[in-house]
Each structure stands twice: as structure tokens, then as C-alpha cells.
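Spelled out from the first residue to the last, the chains are:
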Amino acid sequence: MTGLSLWRRQILTIVGLEWKKTLFARRGLWVYALALFPAFIFLMSAINIRNNRAELQRITAAAPNATAATAAIRDGMSIDEVTKILSDAKVDYSNVRRGNKRAFVRYSDGVSSWDLRFFEGKLVERRDRSQPRLNDRIREFAAIYQYFFVRLAIFFGCVGIFMNLFRGEMLDQSLHHYLLAPVRREVLMIGKYVSGLVATILIFGTSTALQFFFMLYAYPGPEAEAYMSSVGWGHFFNYLGVTAMACVGYGSLFLASGILLRNPLIPAALILFWEGSNWFLPELLKKFSVIYYLQALCPVVAPISPDVPEAFKLLITTAAPIPGPVAILGIVVIATATLSLASVYIRKIEINYSSD
């Protein structure tokens with residue numbers, strides 16, 4: 001048996017031994033909660049949107065002229081005039097008073113839902129609180145995916161899984177079983193890395209698919225079908241690919257941190273700071289971060305939150321877009337270079353459980 005075929009067989013054997021242990025490790029249960037949290041939020045939001053749509057349909061059936069009647073509501077009207085219009089249109093509403101000067105009225109007209117704010121008895125503000133349309137929801141999904149799921153959930157999930165591939169064995173005082181086996185240490189490292197990839201891609205890929213499904217669950221019918229038949233399936237598989245590449249990039253960094261350092265949480269904090277400051281880095285420095293390439297792979301550009309201060313928006317720098325294959329190559333290069341560095345160190349590693 002040649003060297004390459006032997007190494008390949010050893011890697012597959014290690015993966016077979018490790019992936020289930022990694023996937024169902026008791027110390028990694030919090031990773032599941034972190035991964036599934038955004039899916040749970042999308043599910044609750046979808047149920048709320050569907051209930052709201054059902055309520056609007058009920059209002060339309062009970063008061064078909066409500067939309068036309070409530071269109072007469074204008075700024076400056078008194079609260080009595082507004083409530084009379086709503087009562088005549090047979091529209092249910094809630095009236096809340098706060099003190100002697102402020103009052104709020106909430107109602108739905110069968111098409112939209114509104115909040116009205118009164119000051120000293122006069123209408124001063126109308127706010128549309130209708131549920132977002134599918135196009136708005138797609139942009140919201142891109143923002144949640146890029147700003148929370150990739151930057152935080154997958155990031156910390158990889159910290160918990162990949163750092164424990166070696167550090168966890170040291171804490172359990174079982175790593176010596178592998179080091180005494182007739183297998184090259186670089187092969188052991190690659191086998192553990194692949195097992196970590198299998199676990200993280202399964203966990204976070206499942207979460208990505210659930211988030212996307214729950215996003216569409218709120219919009220049954222022709223609108224969702226038209227989206228999926230045009231660009232929806234492409235977006236879906238793009239997001240799954242970005243999730244997998246995030247696990248490849250971040251997994252290599254944290255596996256190496258677990259091998260090279262006794263306290264890998266310090267480099268994790270530094271990497272988090274570097275990835276988080278990518279917005280403000282010059283274009284050349286952006287290329288030395290994983291998030292730069294992941295953003296290039298995302299099918300929808302995430303909007304910047306309106307809550308971000310204008311001073312910070314002025315500091316944000318933009319880089320020229322890069323093709324998808326170049327972005328994938330960039331992540332592969334980062335992962336390969338990181339694992340190559342770790343492979344040099346792991347050849348010399350010695351186990352002393354009393355100190356580790």
C-alpha cells in the first residue's frame with residue numbers, strides 16, 4: 001500500500017471514529033442552541049406573519065369597505081373624529097391613554113396595520129406596522145445571516161467544536177491513545193479536522209436550511225413560488241455553500257489555535273476583533289480575513305442597519321467585488337496555510353497531563 005493510499009485510509013478511519021463523537025459531544029450541546037436560535041426566531045416570526053395575514057383576511061370579510069373608509073384619517077384630526085371613522089367602518093381598534101396629553105390608537109383595515117399617536121387630542125403621527133413583504137424579508141434574512149449567523153453563531157460554534165478536537169482530548173486525558181498509534185500526526189490532525197467539518201456543516205447547514213424554509217413559510221402561495229422558481233433555489237444553495245466555507249475557514253483557525261496554544265480563547269478573541277473590524281480595514285488588509293471572502297459569496301448584499309451611527313458609516317470602506325471561485329480559493333488558501341503551520345508544531349507536541 002502506497003503512502004498516499006495509506007494516509008487516505010487512516011484519515012477515513014479517524015473520521016469514522018471521531019465525527020459522531022464530535023457531533024454529539026456533551027460539552028458541545030450549547031453549539032446546537034446557538035445554531036438553532038435564529039431558526040427558532042424565523043419560525044416564531046413566520047407564525048406571527050401568518051396569523052396577522054389571517055386576521056387581515058377576517059377584517060376584509062367582516063368590513064370590506066374598511067380600507068376606503070379609514071383612508072379619510074388625516075393628521076390633525078381629533079381622537080374622537082378618528083374613533084368615529086373606525087366605529088362607522090366596523091373596524092376593531094384599541095385606545096390607550098398615557099397621562100392627560102398622550103394617546104395611542106391601534107387598528108387594522110384589512111390591508112395594513114396602523115399605530116396612531118395623538119398629542120393633546122390631535123393626531124400627530126401615523127405609523128404603518130404591517131408585516132414585511134417577501135422582498136423585505138429576503139433582505140432581512142441576508143442581514144441576520146451575515147451579521148449574526150456567520151459572524152457570531154458559526155464563529156463561536158467553530159470555537160467550541162474545533163478547539164476541543166485536541167484540547168478536549170487533553171482534558172479527558174485520552175489524546176495519548178492517538179499519539180501512540182502508528183499514524184503520522186499530520187494525518188491525525190487532518191482526520192480530526194475533517195470530522196469537525198462534518199459535524200459543523202451538519203449542524204449549521206441544517207440551521208441554514210431551516211431558517212430559509214421558515215422565512216418562506218410565512219409567504220405561502222404564488223409570491224414564494226415565483227421567488228423560488230427565479231432565484232430562490234440559487235440563493236438557498238449559495239447560503240448552504242457559504243455556511244460550509246465558513247466552517248472550513250474558521251475551523252482551520254481554531255483547530256490550529258487548540259494545537260498551538262494552551263489557552264486558545266485569547267486568539268479566539270483576537271480573531272473575533274479582526275473579523276469584526278473588517279468593515280473599517282483598507283482593501284489590502286481585508287483579504288487576510290475569512291469574512292471578506294464569505295461576504296463575496298453571499299447572494300444578497302446585507303443592508304447596513306439604520307441604527308449604526310453616521311460617524312461609523314463614514315469609516316466603512318468598500319472593496320471591489322471578487323468572483324465566487326476567487327473567494328472560495330481565498331478561504332482554501334487561508335485554511336491550507338493555517339493547517340500547514342499547525343502540522344509543523346504537532347510533530348513536536350508532547351503530552352503532559354499534569355501541566356495541560
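Residues numbered from 1 in each chain as written. Predicted model: local features only at pLDDT ≥ 70, side-chain atom pairs only at ≥ 80, totals over all residues. Heavy atoms only, no water.

(A) Representation of the side chain of Thr-200 within the structure. Along the chain, Thr-200 turns up in helix α8 (residues 185–217). What makes Thr-200 buried here is its relative accessible area of 0%. Within the structure, Thr-200 has its side chain in polar contact with the backbone oxygen of Leu-197 (distance 3.2 Å). Apart from residues lying up to four places away in sequence, Thr-200 is in contact with Cys-158, Ile-161, Phe-162, Gly-205 and Cys-247. (Helix = DSSP H or I, 4+ residues; strand = E, 2+ residues; numbered from the N terminus. Buried < 20%, exposed > 50% of the residue type's maximum accessible area, 1.4 Å probe, protein only. Polar contact = N/O pair within 3.5 Å; in protein donor to acceptor, adjacent residues only side chain to side chain. Contact = heavy atoms within 4.5 Å.)

(B) Spotlight on the nonpolar core. Of all hydrophobic cores here, the largest spans 79 residues; its most connected members are Ile-154, Phe-162, Phe-212, Tyr-250, Phe-254, Leu-255 and Leu-294. Residue contributions to this core peak at 16 residues, all from helix α9 (residues 222–260). Beyond its immediate sequence surroundings of up to four residues, Leu-255 is in contact with Phe-162, Leu-165, Phe-166, Met-189, Tyr-193 and Leu-339. The next biggest cluster of nonpolar side chains, apart from the first, holds 17 residues, and it includes Ala-66, Met-77, Val-82 and Ala-103. (Core = buried A, V, L, I, M, F, W, Y, C linked by side-chain atoms within 4.5 Å.)

(C) Inspection of the confidence of the model for the protein chain at higher detail. Averaged over every residue, the pLDDT of the protein chain is 83; residues scoring 70 or more account for 89%. Below pLDDT 50 for its whole length, residues 311–316 participates in 10 contacts with residues either more than four positions away or in separate chains. (pLDDT = per-residue confidence, 0-100.)

(D) Inspection of the pattern of salt bridges at higher detail. Counted under the stated rule, the structure contains 10 salt bridges. For the salt bridge of Asp-88 with Lys-84, the shortest nitrogen-to-oxygen distance reads 2.9 Å. Of this pair, Asp-88 and Lys-84 both sit in helix α4 (residues 79–88), separated by 4 residues, roughly a single helical turn. Using a relative accessible area of 53% as the deciding quantity, one classes Lys-84 as exposed. Across the pair Asp-136 and Arg-139 runs a salt bridge whose closest N-O atoms are separated by 2.5 Å. Here Asp-136 pairs with Arg-139, and both are found in helix α5 (residues 134–162), just 3 residues apart, close to one helical turn. A single network of salt bridges, built from pairs that share partners, joins Glu-18, Lys-21 and Lys-192. (Salt bridge = Lys/Arg side-chain N within 4 Å of Asp/Glu carboxyl O.)

(E) Inspection of the packing of aromatic side chains at higher detail. Evaluation of the coordinates by the stated rule reveals 22 aromatic pairs. The interplanar angle of 15° and the centroid separation of 6.2 Å between the aromatic rings of Phe-141 and Tyr-145 together place this pair among those described as stacked. Of the two residues, Phe-141 and Tyr-145 both sit in helix α5, 4 residues apart, roughly one turn of that helix. Residues Phe-141 and Tyr-145 agree in their burial class; the two are buried. Ring geometry for Phe-155 versus Tyr-250: centroids 5.2 Å apart, planes at 75°, classification edge-to-face. Separated by 95 residues along the polypeptide, Phe-155 in helix α5 and Tyr-250 in helix α9 bring together distant segments of the chain. Across the pair, exposure class does not vary: Phe-155 and Tyr-250 are buried alike. Three or more aromatic residues link up through ring pairs in this structure, and these residues are Phe-42, Phe-141, Tyr-145, Phe-149, Phe-204, Phe-212, Tyr-227, Trp-233, Phe-236, Phe-237 and Tyr-239. We note Arg-50 situated over the ring of Tyr-217; from NZ or CZ to the ring centre the distance is 4.2 Å. Over the ring of Trp-114 we find Arg-126, and its NZ or CZ is 4.6 Å from the ring centre. (Phe/Tyr/Trp six-rings, centres within 6.5 Å; stacked < 30°, edge-to-face > 60°. Lys NZ or Arg CZ within 6 Å of the ring centre and 35° of its normal.)

(F) How the structure looks around unusual backbone geometry. The backbone of Lys-90 shows a phi angle near 60°, a positive value even though the residue is not glycine. Locating Lys-90 in the fold gives a position in the loop between α4 and β1 (93–98). On the basis of relative accessibility, which here comes to 68%, the residue Lys-90 falls in the exposed class. Residues other than glycine seldom take positive phi values, yet Glu-120 does so here, at roughly 55°.

(G) Inspection of the side chain of Arg-151 at higher detail. Note on placement: Arg-151 falls in helix α5. Notably, Arg-151 is buried but unbridged: the nearest opposite-charge side chain belongs to Glu-275, and the N-O separation is 6.5 Å. A polar contact of 3.4 Å, which involves the side chain of Arg-151, links it to the backbone oxygen of Glu-275. Beyond its immediate sequence surroundings of up to four residues, Arg-151 is in contact with Gln-146, Leu-272, Glu-275, Gly-276, Trp-279, Ile-291 and Gln-295. (Lys, Arg positive; Asp, Glu negative; His and termini not counted.)

(H) Main features of a nonpolar patch on the surface. Taken together, the side chains of Phe-37, Phe-40, Ile-41, Met-44, Ile-47, Phe-213 and Tyr-217 define a hydrophobic patch exposed on the protein surface, amounting to about 650 Å² of accessible area. Residue assignment for the nonpolar patch shows that the elements contributing at least two residues are α2 (29–62) and α8. Looking at the nonpolar patch, the element that brings in the most residues is α2, giving 5 residues. Position of Phe-40 relative to the elements: it lies in helix α2. (Patch = residues over 30% accessible without salt bridge, like charges linked within 9 Å, V, L, I, M, F, W, Y side chains within 5 Å. Areas by Shrake-Rupley, 256 points an atom, 1.4 Å probe, with all protein chains shown as cover.)

(I) Representation of the sheet that holds strand β4 (residues 122–128) within the structure. Here we have 4 strands laid out as an open sheet, ordered β1-β2-β3-β4, and antiparallel in their pairing. The open sheet has two edge strands, β1 and β4, and neither has a second partner. On average, each strand axis in the sheet is inclined to that of its neighbour by 20°, with strand direction left out of account. Both strand β3 (residues 113–119) and β4 contribute to a ladder of 6 bridges, which runs antiparallel. Note that in β4 the partner of Arg-117 across the bridge is Glu-125. Lying over the sheet, α4 contacts β1, β2 (102–108) and β3, oriented at roughly 165° with respect to β1. (Pairing = 2+ DSSP bridges. Axes fitted to C-alpha atoms, helices over the stretch in contact; angles between N-to-C directions.)

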